[in-house]
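Each chain, written out:
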Amino acid sequence: MNSRRVWAILRFVLTTLFLYFVWVLFTSDLGLFSLLFGLAASLLTASLTYHIFLPEHEANLRFFIPHLWALLRFLFLMVLSLYQSSFHVVKAIITGNTNPRIVHFRTHLRSDLARTVLADAITFTPGTMTLDLNDDHLTVHWLLCTTTHTKAAGEAVKTKLEHALGRTWL
Amino acid sequence: MTDFILQAMLVMLMLFAVGTLLRLLLGPTASDRLVALNVLSAVSLALLVLWGIKVGRALYLDVALVYDIFGFLGFLAITRFLKDRKEN
Amino acid sequence: MIIREILALIAFLVGTFFGLFGMIGLFRFRDPYSRLHAGSLCGTTAVFSYLIALLLLAPSAAIGARVFIILVFFLISAPTGSSIVAKFIWESEDATTQRSSMKREDKSL
């Protein structure tokens with residue numbers, strides 16, 4: 001058995017487990033028929049879609065299996081920064097002095113999942129909104145801009161998030 | 001006390017819905033209308049959950065869950081449609 | 001019981017604060033980007049606080065678990081929706097004057 005086939009089987013199993021977990025979560029029905037039907041349905045769906053759900057080039061388990069403790073810490077950080085950034089925006093609404101700019105920078109996170117979560121998390125940091133994510137290049141609209149220099153803007157917006165995400169995925 | 005909080009929440013959510021509907025009707029460009037629609041979808045999600053708690057039935061919460069997960073697909077369709085029409 | 005209600009009242013008041021200022025921002029700002037910031041971010045915070053209050057007021061464990069799942073998925077779906085709208089504004093010409101000035105600055109980097 002070569003490594004490509006092992007990797008394909010592993011991805012198939014992981015997709016099935018994820019689908020089955022979502023099935024049990026959403027039906028919240030522990031009867032025998034429901035459990036067996038969900039298993040059959042997730043096996044069928046996983047066999048059809050596992051190569052799309054987990055692409056072959058994501059060749060590391062750490063790319064999509066999170067560290068549970070780091071993930072919980074990251075979620076807590078998100079909720080905290082959601083309130084903090086809303087407070088900043090409320091201050092901007094009251095005083096009315098904003099400085100909107102579009103800034104560009106790159107990220108050094110490697111997996112697709114971590115980049116997507118970073119793009120979503122940037123929306124929760126004070127006065128920033130992700131416009132576009134293209135490979136590792138992010139375009140961000142910044143309401144309370146202090147600098148347009150690429151490196152400084154990247155430092156200000158994403159360093160803390162990237163640090164927390166780098167411990168969660170890769 | 002619980003009834004009072006639920007009632008006050010209902011009134012506030014109705015107020016937010018009226019505000020976003022006003023922006024939806026006034027908005028000079030398509031972008032403004034989409035922004036208002038985005039806020040309105042979140043408000044209607046909260047209304048569904050609130051009604052489920054108030055009546056005490058889980059059925060509304062299932063509807064809210066599906067609306068939560070697949071709600072943004074509607075925006076994807078609308079933005080794609082408007083962009084295609086602009087290009088033609 | 002009474003502690004739960006007091007916590008729910010606090011969450012409700014916080015949500016109302018952010019929601020009202022979000023509505024004001026939706027009408028006070030002039031360009032679509034700033035309106036998106038005000039409406040989407042403050043609206044998300046308001047609805048999130050309301051969902052926390054409703055989670056505290058849930059009458060039974062089954063309903064509470066559903067509200068918790070909705071809460072977690074709302075943290076994923078809300079920024080995704082606003083990102084889609086933001087990308088539409090960027091690609092359309094609705095914020096055109098602001099955009100051209102910003103393009104010039106980008107070239108000077």
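From a predicted model like this one, the values you see are computed outputs, not experimental measurements.

Asker: Explain helix H3 (residues 59–87) of chain B to me, please; I cannot follow it from the model alone.
Answerer: Working note: α-helix, 3.6 residues per turn, so residues spaced by three or four point in the same direction. Taking 1.5 Å of rise per residue, the 29 residues of H3(B) would be expected to cover 42 Å, and the 42 Å separating its terminal C-alpha atoms lies within 8% of that figure. Along H3(B), the sharpest change in direction is near 45 degrees and occurs at B:Ile69. When we look at burial in H3(B), the residues that qualify are B:Leu61, B:Ala64, B:Leu65, B:Asp68, B:Ile69, B:Phe75, B:Thr79 and B:Leu82. As for H3(B), its buried residues are in contact with helix H1 (3–27) of chain A, helix H2 (30–55) of chain B together with helix H3 (61–91) of chain C.

Asker: It is not clear to me how the pattern of salt bridges should be interpreted in this structure. Could you clarify?
Answerer: Pairing between side chains of opposite charge can happen when their charged atoms approach one another. In this structure the tally under the stated criterion is five salt bridges over all chains. We note a salt bridge from A:Asp132 to C:Lys87, for which the minimum N-O separation is 3.7 Å. Placement of A:Asp132 in strand S2 (residues 128–134) and of C:Lys87 in helix H3 is noted, with the two residues assigned to different chains. In this structure, B:Asp32 engages C:Arg35 in a salt bridge whose closest nitrogen and oxygen atoms are separated by 2.8 Å. Taken together, the residues B:Asp32 in helix H2 and C:Arg35 in helix H2 (residues 32–56) connect one chain to another. Across the pair, exposure class does not vary: B:Asp32 and C:Arg35 are buried alike.

Asker: Mind showing me how you'd approach the interface of chain A and chain C here?
Answerer: Note on interface size: it is often stated as the accessible area lost on association of the parts. Across the contact, 37 residues belong to chain A and 38 residues belong to chain C. Taking both sides of the interface into account, the surface hidden between chain A and chain C amounts to around 3,300 Å²; carbon and sulfur atoms contribute 71%. Where chain A packs against chain C, one counts six residue pairs in polar contact (both at pLDDT 80 or more). Counting only elements with at least two residues in the side of chain A that touches chain C, the list comes to H1, helix H3 (68–95), strand S1 (101–106), S2 and strand S3 (137–142) of chain A. Residue composition of the side of chain A that touches chain C, grouped by class: 18 nonpolar, 16 polar and three charged.

Asker: Would you mind showing me how to read the UniProt feature "transmembrane region" (unreviewed entry) in chain B here?
Answerer: Residue and element names in this part refer to chain B. Within this structure's numbering, the places UniProt gives as "transmembrane region" (unreviewed entry) are residues 6–26, 33–53 and 59–82. Regarding residues 6–26, the helix share stands at 100% and the strand share at 0%, and the terminal C-alpha atoms are separated by 30 Å. Secondary structure over residues 33–53 splits into 100% helix and 0% strand, and the C-alpha atoms at its two ends are 30 Å apart.

Cut-offs applied
Residues numbered from 1 in each chain as written. Chains lettered and ligands numbered in written order. Predicted model: local features only at pLDDT ≥ 70, side-chain atom pairs only at ≥ 80, totals over all residues. Heavy atoms only, no water. Helix = DSSP H or I, 4+ residues; strand = E, 2+ residues; numbered from the N terminus. Expected span 1.5 Å × (residues − 1). Bend = angle between axes of the 7 residues up to and from the residue. Buried < 20%, exposed > 50% of the residue type's maximum accessible area, 1.4 Å probe, protein only. Contact = heavy atoms within 4.5 Å. Salt bridge = Lys/Arg side-chain N within 4 Å of Asp/Glu carboxyl O. Buried area = accessible area lost by both parts, 1.4 Å probe. Polar contact = N/O pair within 3.5 Å; in protein donor to acceptor, adjacent residues only side chain to side chain. Nonpolar A, V, L, I, M, F, W, Y, C, P; charged D, E, K, R; others polar. UniProt positions renumbered as here; feature names shortened; annotations may be inferred.

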